[in-house]
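Listed here are the chains, written in short residue letters.
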Amino acid sequence: TAAERGHDVVLFEAQHRLGGQLALMARAGERQREVSGLVDWLVDEVALVGVDIRLSTPVDASDVLAEAPDVVIVATGGTPEVSYMEMGADLVSTAWDVLGGSVRPEGRVLVYDDHGAERGLAVVEFLAGKADVLGVTHIEVITPDRHVGLDLATPLGPTYLRMLYEGGVTMTPDHRLVAVESSDGGLLRAVMRNEYTLAEVDRMVDAVVVEHGVAPDEDLYVTLREGSANGAVVDLEALAGGRAQPAFTGTDGGYLLYRVGDCVASRDVASALLDARRLLQHL
Ligand SMILES: Cc1cc2nc3c(=O)[nH]c(=O)nc-3n(C[C@H](O)[C@H](O)[C@H](O)COP(=O)(O)OP(=O)(O)OC[C@H]3O[C@@H](n4cnc5c(N)ncnc54)[C@H](O)[C@@H]3O)c2cc1C
């Protein structure tokens, strides 16, 4: 949006390719690969409008300031969050670990999904689709919601449910994973608490995968905040009303600083695009 409005834009990306978490999601299976189309389109668009794209370039505040920017938009996303667990956070893996290939679960796998949309079920589909290759013998998906996939968009519900039933996946609603501990024979004991009775039940499994969304990667944003002209403040009423941010019309020098997407909170693609559009369309 900024480049379309005629600004010179530099885009720093730590990875060797653009796409962030969407690139990860596209690894899950055929259905999720459709998202590659969105990434490809956005990559084409930024190239078309002449954005200076610098891949494999993780930046800190000094790198950003070296560009002498008028406006800084931090879109650093987030990192998987498992610290809510009462015990055993170090024994679980995340959707990122599994889809990124750094962890290969096998045997009996418990997937805890308290996100309710595609983040968690993409991993389940990956495991179900590659069960033979990975040596996965059983998958149970557990959610604190009233049913698995509670937050899926309506058209997606039946297709994911078909996958779950055809894959023989056990679905357990109304339970929150609270702890994991090592047990005899290399197994893990996963403890789940009923949302309504608080009664605890456990499962003995080979691997536990947790999808609990991401915690914002806000270090860069926080470091840049002090030197910003607007104190990194967003006028939310102006944002929601589709109006320009006050600082766009009256700054006292320095750069304007904003953040968008999962760097604000664990959300989705539409939120990231809308954040950016609303902030930059008046720039
Ligand atoms: C498995 C999975 C499935 C998902 N499914 C869906 C779905 O179906 N629908 C949906 O809407 N959303 C889905 N999401 C969520 C969606 O991918 C995120 O909400 C979205 O990607 C957030 O975009 P973002 O640009 O804010 O952050 P990210 O996608 O996390 O991108 C942040 C980028 O910033 C880069 N970066 C970070 N720090 C630095 C630095 N210091 N210097 C340079 N670069 C840096 C990172 O390398 C990364 O490329 C899914 C996520 C996952 C993991």
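The rules behind each value
Residues numbered from 1 in each chain as written. Predicted model: local features only at pLDDT ≥ 70, side-chain atom pairs only at ≥ 80, totals over all residues. Heavy atoms only, no water. Pairing = 2+ DSSP bridges. Helix = DSSP H or I, 4+ residues; strand = E, 2+ residues; numbered from the N terminus. Core = buried A, V, L, I, M, F, W, Y, C linked by side-chain atoms within 4.5 Å. Buried < 20%, exposed > 50% of the residue type's maximum accessible area, 1.4 Å probe, protein only. Contact = heavy atoms within 4.5 Å. Axes fitted to C-alpha atoms, helices over the stretch in contact; angles between N-to-C directions. Near = heavy atom within 4 Å. Areas by Shrake-Rupley, 256 points an atom, 1.4 Å probe, with all protein chains shown as cover.

Undergrad: Can you break down the sheet that holds strand 5 (residues 93-94) residue by residue, with the values?
TA: As summarised here, the arrangement of the five strands in space is 5-12-6-7-8, forming an open sheet in which the pairing is parallel. Two strands close off the open sheet at either side, each with one partner strand: strand 5 and strand 8 (170-172).

Undergrad: I'd love a proper account of the nonpolar core, names of residues and values included.
TA: In this structure, Leu121, Val124, Leu127 and Leu164 are the most contacted members of the largest nonpolar core, which totals 26 residues. Taken together, the elements giving at least two residues each to this core come down to helix 5 (95-100), strand 6 (107-113), helix 6 (118-129), helix 7 (131-134), strand 7 (136-142), helix 8 (156-166) and strand 12 (207-211). Ranked by residues supplied to this core, first place goes to helix 6 with six residues. Dropping the residues within four chain positions of it, Leu127 is found in contact with Val98, Pro105, Val109, Val111, Leu134, Val136 and Ile139.

Undergrad: Please provide a residue-by-residue account of the sheet that holds strand 9 (residues 175-182), values included.
TA: Here we have three strands laid out as an open sheet, ordered 9-10-11, and antiparallel in their pairing. Edge positions in the sheet fall to strand 9 and strand 11 (200-205), since each has one partner strand and no second. With strand direction ignored, the average angle separating the axes of adjacent strands in the sheet is 25°. With six bridges connecting them, strand 10 (residues 188-194) and strand 11 associate as antiparallel partners. Note that in strand 11 the partner of Met192 across the bridge is Val201.

Undergrad: Requested: an account of the site of the ligand, with residues and values cited.
TA: Around the ligand sit 23 residues in total, of which Glu13, Gln21, Glu118, Asp262 and Val269 are the nearest. Across the complex, the protein chains shield 83% of the 1,000 Å² of accessible surface that the ligand would expose by itself. Those elements giving two or more residues to the shell around the ligand turn out to be helix 1 (20-25), helix 5 and helix 6. Counting residues per element, the shell around the ligand draws most heavily on helix 1, at four residues.

Honestly, that's just the spatial picture; any functional story needs more than this.
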